[in-house]
Amino acid sequence: MARITAGVTASHIPAIAAAIDQGKTRDAYWAPLFQGFEFSKRWIAEHRPDVIFLVYNDHATAFTPEIIPTFAIGCAERFTPADEGWGPRPVPVVQGYPEFASHLAQALIQADFDLTIVNRMDVDHGLTVPLSLMFGEPAAWPCRVIPFPVNVIQYPPPSGRRCYQLGRALRRAVELFDEDLNVHVWGTGGMSHQLQGKRAGLINREFDARFMDLIVHDPERAAQIPHIEYVREAGSEAIELVMWLIMRGALAEQVHEVYRFYHVPASNTAVGHLILENPAGGKP
Ligand code: DHB
Ligand code: FE
């Protein structure tokens, strides 16, 4: 059967993509950030997933303000990097997994999570930046990816509690798939960030550290954090952090924290990154 072995969280700041694509990763400004992912690249080479269930948000790229699904699942064969205004990123096309994605769509919808099914979609920095941070610059991404966009762009986003419950249902849905697959669940976006208005550039290191601790050790409590607290404490775009709760809900109650990295600044935001392993290789 398929099993979830690990969860990864990572910010997806588009300036990171520009630094990679323009060969600036060794510049003084960027080097400390990319050094922080050296361990992660070695780790994932040794724990290579067959498929990543990649929770991210679309930034009005694939979904225009006309149609905004709360939770969507990418069921296509492939997903092309989007043109976000500077041409598409020069990164490989993302290979999907239609059979597994369709199974998960069925299991989750039957478990009362009303997903939007997406059979054609381009993917923006929300999805490609975490892949670049973890895998570097390969000619092809080394595994398949099921994109799972969550609306955190237009009010109202889903609650952290709902995201956590969805993660729990995802774990059960994965275990119902009768193929021997090593599955990772990634929760991307965050941490502190506010991109506009008077508080642009707001960073709250204490909130970020506390949130990472809660995600690892007390996710039930993290799931109770209301929207207003993310926004007040860590900035309007920190609401992206509810996506980490889908990842965490999909893991066991007790997890092994393999790695943690936190870095400020990248663009005018904070970068947070965790690698969490399930006990016993995710076997129930
Ligand atoms: C920026 C954009 C994002 O989507 C994000 O999550 C963080 C930073 C930016 O434009 O700097
Ligand atoms: Fe974002």
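Structure report, in brief. These numbers were taken from a predicted model, which means no experiment stands behind them. (Residues numbered from 1 in each chain as written. Chains lettered and ligands numbered in written order. Predicted model: local features only at pLDDT ≥ 70, side-chain atom pairs only at ≥ 80, totals over all residues. Heavy atoms only, no water.)

This paragraph deals with the nonpolar core. By size, the foremost hydrophobic cluster in this structure holds 59 residues, and its most contacted members are Phe-100, Phe-148 and Phe-211. If one sorts the elements of this core by residue count, helix H6 (residues 160-175) sits on top with seven residues. Excluding residues that lie within four positions of it along the chain, Phe-211 makes contacts with Met-191, Ala-222, Ile-225, Tyr-230, Leu-241 and Trp-244. Ranked by size, the runner-up nonpolar core spans 41 residues in total, among them Ala-19, Trp-43, Leu-54 and Val-118. (Core = buried A, V, L, I, M, F, W, Y, C linked by side-chain atoms within 4.5 Å. Buried < 20%, exposed > 50% of the residue type's maximum accessible area, 1.4 Å probe, protein only. Helix = DSSP H or I, 4+ residues; strand = E, 2+ residues; numbered from the N terminus. Contact = heavy atoms within 4.5 Å.)

Let us now look at the pattern of salt bridges. Under the criterion given, the structure shown has nine salt bridges. A salt bridge links Asp-21 to Arg-89; the shortest N-O distance between them is 2.8 Å. Taken as a pair, Asp-21 in helix H1 (residues 14-21) and Arg-89 in the loop between strand S4 (78-81) and strand S5 (94-95) lie far apart in primary sequence, 68 residues in all. A residue is classified by how much of its surface remains accessible, and Asp-21, at 30% relative accessible area, is partly exposed. (Salt bridge = Lys/Arg side-chain N within 4 Å of Asp/Glu carboxyl O.)

Aromatic ring pairs are defined here through the distance separating the ring centres and the angle between the ring planes. Under the definition given, this model contains 15 aromatic pairs. Between Tyr-97 and Phe-177, the ring centres sit 6.4 Å apart and the planes meet at 90°, which makes this aromatic pair edge-to-face. Of this pair, Tyr-97 sits in the loop between S5 and helix H4 (98-110) while Phe-177 is found in the loop between H6 and strand S9 (182-188), placing the two residues 80 residues apart along the sequence. An aromatic cluster of at least three residues, connected via ring pairs, comprises Phe-207, Phe-211, Tyr-230 and Trp-244. (Phe/Tyr/Trp six-rings, centres within 6.5 Å; stacked < 30°, edge-to-face > 60°.)

Turning our attention to the pairing of S4. Sheet topology note: the S4/S5 ladder contains two bridges and is antiparallel. For Phe-79, the partnering residue across the bridge sits in S5 and is Val-94. Summarising the sheet, S4 and strand S7 (residues 122-123) pair through two bridges and their orientation is parallel. Opposite Thr-80, over in S7, you have Asp-122 as the bridge partner. (Pairing = 2+ DSSP bridges.)

Turning our attention to the site of ligand 1. Inspection of the region around ligand 1 gives His-12, Ile-13, Pro-14, His-59, His-125, His-193, Leu-195, Glu-240, Ser-267 and Thr-269 as its neighbouring residues. Take His-12: an N or O atom from its side chain is 2.7 Å from an oxygen atom of ligand 1. A distance of 2.9 Å separates an oxygen atom of ligand 1 from a polar side-chain atom of His-125. In the complex, the protein chains occlude 84% of the 290 Å² of accessible area that ligand 1 would expose alone. Across the shell around ligand 1, the residue classes tally to three nonpolar, six polar and one charged. (Near = heavy atom within 4 Å. Polar contact = N/O pair within 3.5 Å; in protein donor to acceptor, adjacent residues only side chain to side chain. Areas by Shrake-Rupley, 256 points an atom, 1.4 Å probe, with all protein chains shown as cover. Nonpolar A, V, L, I, M, F, W, Y, C, P; charged D, E, K, R; others polar.)

Here helix H3 (residues 38-46) crosses helix H5 (residues 125-135) at 85°, and the two axes come no closer than 7 Å. Classified by the angle their axes make, H3 and H5 are roughly perpendicular. Facing H3, whose interface residues are Ser-40, Lys-41, Trp-43 and Ile-44, H5 presents Ser-132, Leu-133, Met-134 and Phe-135. (Axes fitted to C-alpha atoms, helices over the stretch in contact; angles between N-to-C directions. Parallel < 35°, antiparallel > 145°, perpendicular 65-115°, else oblique.)

As summarised here, the arrangement of the six strands in space is S8-S2-S9-S1-S11-S10, forming an open sheet in which the pairing is mixed. Here the strands that pair on one side only, and so sit at the sheet edges, are strand S8 (144-149) and strand S10 (256-266). Looking at each pair of strands side by side, their axes are set apart by 15° on average, direction ignored. When strand S1 (residues 3-10) meets strand S11 (residues 269-277), the two strands line up antiparallel, connected through five bridges. Along S11, the bridge assignment pairs Gly-7 with Leu-276. Contacting strand S2 (51-56), S8 and S9, H4 runs over the sheet at an angle of about 35° to S8.

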